[in-house]
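Chain by chain, the residues:
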Amino acid sequence: LKCLGATSIKTIPSPHPSLDDSLEGDLQNFLIDESQLHTYDDLTKVNPVTTTTVLKCLQARYCARVFYTHAGCTLVALNPFQPIPQLYSPDVMKEYHSAARPQEFKPHIFIVAEQAYRNVQGQVEPVNQSLVVSGESGAGKTWTSRCLMKYYATVAASRSSQKAQDTVERIERRVLDSNPIMEAFGNACTLRNHNSSRFGKYIQLQLNRSQQLVGASVQTYLLEKTRVACQAPGERNFHIFYQMMKGATQEERQEWKMPAAGQFLWLPNADRTLEEDCFEETRAAMLHLGVHKEVQGQIFQVLAALLQLGNVQFSCPPDESQPCELQEQSKDFLQNAACLLRVPAEELLSCLRVRTIRAGRQQHTVMKPCSQTECSMRRDCLAKVIYAHIFDWIVAFINQSICADSSSWCNFIGLLDVYGFECFHQNNLEQLCINYANEKLQQHFVAHYLKAQQEEYAAEGLEWSFISYQDNQSGLDLIEGPPPSVFSLLNEECRLNRPSDAKQFETRLEKALSGKACVSWDKLSDTPHFTVSHYAGQVSYQIEGMVEKNKDLVPPELVLVLRRSQDALLHSLFSENNQEQSDSKGHSKVITVVSKFKGSLESLMRVLHSTTPHYTRCIKPNTDCRPLTFKKEEVITQLEACGIVETINISAAGFPVRIPYPSFVKRYGLITLSKISSVSNGSGSEDERDTLGSAVRHVLRFVTPGQPLDPFDPSEGRLRSTQVHCGKTKVFLTHAMLERLEIERGRALACRAYSIQRCWRRYCHRKRERQRRAATLIQAGVRSWLTRREILKWQTAATVIQRAWRTWRAVMEALADAELDDAVDIEEVTISLPGSPIPVTRPAQFPQGQPVVVQNWPIGLALASFAATSVAVTSSGFQKLVSLMACLQLSFRRIDYKVETNQFDQGVASIRAHPRQSVKFHLQRSPLLYADICPEQKADGISGFNQILLEKT
C-alpha cells in the first residue's frame, strides 16, 4: 500500500445499474445497520457472505479510510494510492509486536507479520513461514513487501550485547538497502502502475535460534529484459535509466555521454517525474552494500552505452549481398556506445550487421550479411543480454553481501513479491509467463485454503456441505500440463531448426489444443493469437515473436565482442566460465525461457508447500491509480478472481485451525495434571492413535467441561460442538477455542513456573543457609586462631613485663634498704608515757610546744617522741593528707589512734601512745632518691615505702 492524504472519497458510479440495485436490495435484506458496516474488521462477520455484501463492507471501510480487512485466514488490503506514514511508523510496529494478543488490534499487515514471527518463536510446525503477497499490477504488492521487510528489520533486532546489536543492525540496513536497488533495476512505470515489478522475487529473511535477523537471500524470477529495447506506448523503461538521466552530475554526463538535452529512443516519457526517480538513494544503497564508486561508475557507464545503442539505426543496402548501411545520424551513437563498452567500433558494427554460419560436416564458417530487421534484432539482443547479466550480477552481489552462513541461521520467513496478473493490448511470452505464475499461486491458495480444508473435513469425519469454488487446474494443464500444452508445443517449435512462422504455429496450436476447454480462437482476426481463460479473466496472446523470445539465443559474435572488452566488469560477466555449456558437437544447449521459468517456479512452489503460508490479497480500487477512489466493478472482478468469497465462507462456517494429535498433546498436554505429553512414540499404530485421542479428549474436557467433542452425541442427542471437533487424526478448532486453549496453557505454564520458582527459591535459600553456616564455622575457626595467636603474644609480653617488674622492684627495694641502712644512728631513749602499757623506745627528746621538722625519721618514731595528748599535722595537698592519714591509719571516729609500720614488723617495738600535747609537722621533700615512686599498691593500704617516704611539701 502506498496511501492517505486526500480529503474526499470518490465513488465512481458503476456502468451497470443492476449491480447497484442488487447491492441495495442485499444490504436491506441482510444488513440491519448499514452505518455500522465499516466496523466489521473481519468479512466473516458479514452474514450472509456474498460478493455483494463483501463489496459493500469493503467500500464502507474504504470510505472510512480503513484499508485492511480480515477475510478469515486471509488479509485484504485496499490501495489508497497515497502515502500514510503514520500507519507504518516504528511506534506502530512496536505496538503490534509488544501486544499480548495482536489479533485484537485493528487489521493490519503487521498482524500477519507478527503471527508468522511468533510461529517461528513458538516452533510451530512447519516452523518456516512464507508471506505471499498477491494481486493485480498496481494493487500495492511492492509497498506491502517493503513494509514487511521494515517490520522484521525492526522487531528482529538484537537486544543482547552492543556488538551483537550493531551486527544485526548492519545486516538489517543491508537488507533494507537491497530494496531501492532491486526496484531501480527491476521496476518500471506501466499503464497500470507507476512502480510495477518487472520481475518476481522471493526474499528469504534468515533468523538464528534467538529469532534475530542475521541475513537474507534474494531469488529472482523472469526479468522482463525486453523492456530495455521495447516499451509499450505510454510506458517507460526501467527506473535506473531515468535516475541516471536526471540525477547525474555534469562530469558524469560528460563521461557517460548523456547530455541533459539528449534524446534517446529507449527512454520514452523522460519528461515525467516520479518519486522513484531518486538517483542518490540508489547510489547510497549500493555504496552501503559494498558496491564501490568505481564499480558503480562501470555499471552506469555500461547502462549509458545501452541508451546510445538504442539510437543506432540501419538502412537497407542497395545490394542484398552487402551488409546494411549505418544511418548517418547513428554513427556518433555507435561510436559512443563502442567507447562506453570499451570495444572497437568496427567490431561492434560488424557483429551487428554480419552473422556467422557454420555449414557442412567440416563446420566451415560462412559470413552472411543480416537484413535490416535482423540487424535491429541483434542490436536489441545485445542490449538485453548485457542488461540481464548486470541485473544477475547485482542480485548475486546483494546475496553475497547480506546472506548469512548456513550454520548461523536455522529458520526463515519468506516474502514472495511477484508480478500481478496482466492483460494488455498486446500480450506476448512475458505476459504468458507472468499469468502462469499467478495461476500457480492461485492454485496453491485454492489447494491450501479451499479444497484442502473441505477434503480434510470429510476425511476426518466432519460433516461438511461442500462450497463451490473456482478451480484453475484446467488452465494450468493447458499451459504447463503434459503434451500437448502451450509450453510443450513452444519448446518443441524451438528445437526445430527452422525459421518460425506465426500463422503455421497458430494452426499447430489450434490442432493440438482443440480439445482443451480453457483456450479459444478468433478465426476472423488477421493477427495470429490464442485466448486463454485464466482465473482472473480472458487474455489474448500474440503468437508473432513468441518462439524467438522463447529461444532467447544470443549470437556468438556478440558474446565474442563483449569478451574482448577492455571493461573489467563486462569481461568478467561474459567470461567463458559464466557461459552456458555446449554439447559434444560444439552447439550451445537450447534452454528455453519457459523451461527455465517453469523450473524455478516449481522450486518456489516446493518451498511454499514446505512452509506455513500467510496470504495477503491486494486489491486495486480503480484502474487510474487515483487516490481514495472506489470502483465497484473493478473491485468485484478482483474479489471473484482471487476467491475471497469462497475463503470467507469456509473460514466462517468451518474450523480454520487443524492440529494433529501428537502436536496437540505435545503443546497442550501440560494443561491437565496427568502425564500425557509422552504418550506418542511415533509408531502410528492404532493403539497409539486411540491413546492420543483419549489424551486429547481429556484435555478438551478439562478446558470445555460439558461440551460435546464429536459431530454428534447420540447418547444425549446433542448437536456437534461449534468450537471443536476431534477427527480421526486431528483436532479441528475455531480461533475462539484456540484462544481458550492458549489461555489455559498459559495458566498451566504459570502454575508450573511458580512451582519451579518455589523449588528454585527453596534450593537457593538452603544453599545460602549452608553457605552461611559454613562461613560461620570458617569465621569462628579464624577468630579462634587469631585469638590464640593474640593470647600467646599477650602471655609472652606479660612474662617479659613481669620479669622486668620483678627485676625493677627488687632493685628498688634494694636501693631503699640501702638508703635506710645508711641513716645516722639515733640515740634511743626509753620513755614511760602515762597510760602506756609498755615502754616505748624513742629516738630522742624533742622540745615540747615547738614545731618540729621531721626530715629523715619515720613518722611513727617521731610521734613516739611526744607525750602530748594531741597531735597537729599540717599537710599541703589532698593527696599528701590522704597519704599521711593512711600511713598513720587514722580513724575519724576514734579518739585514740594506732600506728603500725613495717619497721616494727622487722623487729622494732610498736608505738602506742596517747599524745598529751599538740605536735605540728612541716613536711618537706624526702632526701631519698626514689621516695616519689610507688612500685606496688596493696589492698590493705599504703606500702612500707610510703610509711617512711615523705611527699613534696
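Above: the structure in question.
So, how was this worked out
Residues numbered from 1 in each chain as written. Predicted model: local features only at pLDDT ≥ 70, side-chain atom pairs only at ≥ 80, totals over all residues. Heavy atoms only, no water. Helix = DSSP H or I, 4+ residues; strand = E, 2+ residues; numbered from the N terminus. Buried < 20%, exposed > 50% of the residue type's maximum accessible area, 1.4 Å probe, protein only. Contact = heavy atoms within 4.5 Å. Areas by Shrake-Rupley, 256 points an atom, 1.4 Å probe, with all protein chains shown as cover. Pairing = 2+ DSSP bridges. Axes fitted to C-alpha atoms, helices over the stretch in contact; angles between N-to-C directions. Patch = residues over 30% accessible without salt bridge, like charges linked within 9 Å, V, L, I, M, F, W, Y side chains within 5 Å. Salt bridge = Lys/Arg side-chain N within 4 Å of Asp/Glu carboxyl O. Lys, Arg positive; Asp, Glu negative; His and termini not counted. Charge placed at Lys NZ, Arg CZ, Asp CG, Glu CD. Parallel < 35°, antiparallel > 145°, perpendicular 65-115°, else oblique. Left-handed = near helix turned anticlockwise from the far one by under 90°. Nonpolar A, V, L, I, M, F, W, Y, C, P; charged D, E, K, R; others polar. Phe/Tyr/Trp six-rings, centres within 6.5 Å; stacked < 30°, edge-to-face > 60°. Lys NZ or Arg CZ within 6 Å of the ring centre and 35° of its normal.

Draft legend 1. Broad picture of the overall build of the protein chain. Across its full length, the protein chain carries 30 helices and 27 strands. The buried share among the 953 residues of the protein chain stands at 47%. Sequence-distant contacts in the protein chain: of pairs separated by 6 or more residues, those separated by 24 or more amount to 69%. Per element, the accessible surface of the protein chain, about 47900 Å² overall, is 52% carbon and sulfur.

Draft legend 2. Local environment of the sheet that holds strand S8 (residues 213-221). Strand order in the open sheet formed by 7 strands is S2-S3-S17-S4-S13-S7-S8, and the pairing between neighbours is mixed. Where the open sheet ends on each side, the last strands, each with one partner, are strand S2 (68-71) and S8. For this sheet, the mean angle separating the axes of adjacent strands, direction not counted, is 20 degrees. Two elements, strand S7 (residues 200-207) and strand S13 (residues 411-417), share 7 bridges in a ladder whose sense is antiparallel. The residue of S13 that forms the bridge with Gln206 is Phe412.

Draft legend 3. Up close: the sheet that holds strand S16 (residues 537-542). In spatial order, the strands read S14-S15-S16; together these 3 strands make up an open sheet with antiparallel pairing. The open sheet is flanked by strand S14 (519-520) and S16, the only strands paired with a single partner. Inspection of the sheet shows S14 paired to strand S15 (residues 529-534) by 2 bridges, in the antiparallel sense. What sits directly across from Ser520, in S15, is Thr531.

Draft legend 4. Highlighting a positive patch on the surface. On the surface, Arg758, Arg762, Arg766, Lys767 and Arg770 cluster together into a positively charged patch. Along the polypeptide, Lys767 turns up in helix H26 (residues 735-821).

Draft legend 5. Quick look at the packing of helix H3 (residues 90-98) against helix H5 (residues 141-155). Here H3 crosses H5 at 65 degrees, and the two axes come no closer than 10 Å. Our classification of the angle between H3 and H5 gives roughly perpendicular. The crossing of H3 and H5 is right-handed. Every residue of H5 that contacts H3 at Met93, Tyr96 and His97 is listed here: Lys150, Tyr151, Thr154 and Val155. Among the residues forming the contact of H3 with H5, the class breakdown is 4 nonpolar, 2 polar and 1 charged.

Draft legend 6. Main features of the packing of aromatic side chains. Taken as a whole and judged by the stated rule, the model has 25 aromatic pairs. Look at Tyr62 and Phe67: their rings are 5.7 Å apart centre to centre, the planes differ by 75 degrees, and that puts the pair in the edge-to-face class. Just as Tyr62 is buried, Phe67 falls in that class too. Ring geometry for Phe530 against Tyr541: centres 5.7 Å apart, planes inclined by 35 degrees, an arrangement best described as tilted. Of this pair, Phe530 sits in strand S15 while Tyr541 sits in strand S16, placing them 11 residues apart in sequence. Comparing Phe530 with Tyr541 shows no difference in burial state: the two are buried. By way of ring pairs, the aromatic residues Tyr88, Tyr96, Phe105, Phe110, Tyr117, Trp143, Tyr151 and Tyr152 are connected into one cluster. In this structure, Arg236 is placed above the aromatic ring of Tyr242, and the distance from its NZ or CZ to the ring centre is 3.9 Å.

Draft legend 7. Spotlight on unusual backbone geometry. Of note, the amide linkage connecting Pro483 to Pro484 takes the cis form, showing an omega dihedral of 0 degrees. Along the chain, Pro484 falls in the loop between helix H15 (473-480) and helix H16 (486-495). In this model, Arg65 sits at a positive phi of 60 degrees, which is unusual for a non-glycine residue. Along the chain, Arg65 falls in the loop between helix H2 (51-63) and S2. Unusually for a residue other than glycine, Asp552 sits at a positive phi of about 55 degrees. Position of Asp552 relative to the elements: it lies in the loop between helix H18 (546-551) and helix H19 (556-563). Exposure remark for Asp552: the relative accessible area of 24% places this residue in the partly exposed category.

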